[in-house]
Amino acid sequence: MTPAALDEPVRRFTELLGTTSVITDPVRLRTYECDGLTHHRVTPGVVVLPGSAEQVAAVVRICNEYGLPFVARGAGTGLSGGALPRADGVLVVTSKMRRILSVDLPNRRATVEPGVTNLAITEAVRDLGRYYAPDPSSQQVCTIGGNVAENSGGAHCLKYGFTVNHVIGLEIVTPDGDLVELSDADPGYDLLGAFVGSEGTLGIATKVVVRLSRLPEAVTTLLAAFSDIEGGGRAVSAIIGGGIVPAAIEMMDALAVEAAEAAVACAYPEGAGAVLIVELDGPAEEVAHQFAEVVRICRDSGAFELRVAGDAVERAAIWRGRKSAFAAVGRISPAYIVQDGVVPRTALPGVLAGIDALSAEYGIRVANVFHAGDGNLHPLVLFDDAEPGAAERAEAVSGRILDLCIEHGGSITGEHGVGVDKARYMTKMFSEDDLDTMQRVRCAFDPRGLSNPGKIFPTPRLCGEVPGVRKGVHPLVESGRAEQF
């Protein structure tokens, strides 16, 4: 049932958007209660589906008028609880805003709405010899607005960088409902860079200007099978150490391969303790030279089988298992937690050994999938949620994996964001002064704290309070609107 405090705002939203774009039915609201991280769930107070930037701005102004918190949501594929709604607030879903507004080839850019899927940009310009480089595994369904919010990466971020490296302009609705344009050409502070990756806490993107890259002259994709993950790790270190920067280097351990086989029958080599996917692209002569060197390195590192894609179909077949990895583990486990830590490449062996030790200590299986080239780990912590205590053990393993990453000089997230899932770990990476400085940036955009509240920061902070160590009970905790860790 919609909270009584939302009755008048709902009436206003309905006048603005029409009855089909305002959802209050309890059953339909549950469709939006979580993102891809399903163990965090909140049924939103009301869902609105605006169809234009002007409508988004009008919705946000109504939220301000009534002091309602609001959360932006795209396709809901996020993995940190970043789009977790508020029971007392408004979920602003941008899925209707899916037009590619313009393609400017001379300036290598396209302007799109936030509901456009990542892959749709490439499909729209591929015949023109261009593509959009960031490629999250969910690129067929994840939307560009969500990519901007989380600064998404993907397999090819090793060579081409993250979303922030490919967004050159934004139109945003600020938390008070103004439409504002941000550009990489703006003088002064880099507000565009601050907005990308801010997880919806600084406003809502309504138009995105993306950089288009030229399709490479040649692409070669290699799959190497190793008897153990250490061999694959040696190959990765040698490839990067040899001055080769592939478009992508991805690794999967035996458990992840087992899941992929069960899900998509990817036919990876039997008996592999790890598989390594290396993709090279660029000028044909350069790719051919690098390919020969990569083959030599993989063989020297113990690869017992090598496969090379002969065409686009075979290339897609090699990638199929890796792209399906997250969903595939559902074939071998009733439930799982996806982690997203980062470590220096040189720390990979030690961290992977630590993950194995945690798995044995807690009796929890962990499937390892990772962007090996830049040390971005995606451990999949597997458990049976029907088994008493299993979920708690899985959460403990998940948390200790992040501790391992921090201890080895890494980070708690590489591309999935902090959201609600990792907020409690922020104090392990940052001091109170650091967090207060971040909060000052947020308050400059959102002094009332209405835009995606409760995300990123480990303790609730109000924009009017004095920075420093907090004592006693925060008013948001006391009112039941927030949890203090």
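Up top is the structure these notes are about.
Below: a short report on this structure. The structure presented is a predicted model; accordingly, all values stated were derived computationally and were not measured. (Residues numbered from 1 in each chain as written. Predicted model: local features only at pLDDT ≥ 70, side-chain atom pairs only at ≥ 80, totals over all residues. Heavy atoms only, no water.)

## Some remarks on the overall build of the protein chain
Let me state the cut-off plainly: Note on conventions: DSSP H or I runs of at least 4 residues are helices, E runs of at least 2 residues are strands, and numbering of each starts at the N terminus. Restricting the calculation to C-alpha atoms gives the radius of gyration, and the globule rule supplies 2.2 Å times the number of residues raised to the power 0.38. Partly exposed residues are those whose accessible area sits between 20% and 50% of the maximum for their type, while under 20% is buried and over 50% is exposed, using a 1.4 Å probe and protein chains only. Contact definition: two residues touch when any of their heavy atoms are within 4.5 Å.
Scanning the protein chain for helices and strands turns up 17 helices and 18 strands. Taking 485 residues into account, the globule formula puts the C-alpha radius of gyration at 23 Å, and the protein chain, at 23 Å, falls close to it. Projected onto the principal axes, the alpha-carbon positions of the protein chain cover approximately 70 × 55 × 45 Å. Here the protein chain holds 485 residues, and the buried ones make up 53% of them. For the protein chain, restricting intrachain contacts to residue pairs at least 6 apart in sequence, the fraction spanning at least 24 positions comes to 71%.

## Here's the deal with the sheet that holds strand β10 (residues 204-211)
Inclusion rule: Think of it this way: DSSP has to see at least two bridges between two strands before they count as a pair. Angles here are taken between N-to-C directions and fall from 0 to 180 degrees, while the axes themselves are lines fitted to C-alpha atoms, restricted in helices to the stretch in contact.
Spatially, 5 strands are ordered β5-β6-β10-β8-β9 in an open sheet, and the strand pairing comes out antiparallel. Edge positions in the open sheet fall to β5 (100-104) and β9 (179-183), since each of these has one partner strand only. On average, adjacent strands in this sheet sit at an angle of 15° to one another, irrespective of strand direction. Where β5 lies against strand β6 (residues 109-112), 4 bridges are found, and the strand directions are antiparallel. If you follow Ser-102 over to β6, its bridge partner there is Thr-111.

## Overview of the nonpolar core
Applicable threshold: The set of buried Ala, Val, Leu, Ile, Met, Phe, Trp, Tyr and Cys residues whose side-chain atoms join them within 4.5 Å is what this entry labels a nonpolar core.
Counting residues in hydrophobic clusters, the biggest one holds 43 residues, and the most contacted among them are Leu-276 and Cys-298. Looking at this core, the element that brings in the most residues is helix α14 (residues 390-407), giving 6 residues. Here Leu-276 is in contact with Leu-222, Leu-223, Ala-224, Phe-226, Gly-232, Ala-235, Val-236, Ile-249, Glu-250, Met-251 and Cys-298, once residues within four sequence places are set aside. In terms of nonpolar packing, the next biggest core, distinct from the first, is built from 29 residues, Ala-259, Ile-318, Ala-325 and Leu-380 among them.

## Some thoughts on the pattern of salt bridges
To be explicit about the condition: One side-chain nitrogen of Lys or Arg within 4 Å of one carboxyl oxygen of Asp or Glu is enough to make a salt bridge.
Summed over the entire model, instances satisfying the criterion amount to 20 salt bridges. Residue Asp-281 pairs with Lys-159 through a salt bridge whose shortest N-O separation is 2.8 Å. Separated by 122 residues along the polypeptide, Asp-281 in strand β14 (residues 274-282) and Lys-159 in helix α6 (residues 157-160) bring together distant segments of the chain. With its nearest N and O atoms 2.5 Å apart, the salt bridge here joins Arg-296 to Glu-293. Of this pair, Arg-296 and Glu-293 both sit in helix α10 (residues 284-300), 3 residues apart, which is roughly one turn of the helix. For Arg-296, a relative accessible area of 40% gives the class partly exposed. For Glu-293, a relative accessible area of 29% gives the class partly exposed. Linked through salt bridges whose partners overlap, the residues forming this network are Glu-8, Arg-11 and Glu-15.

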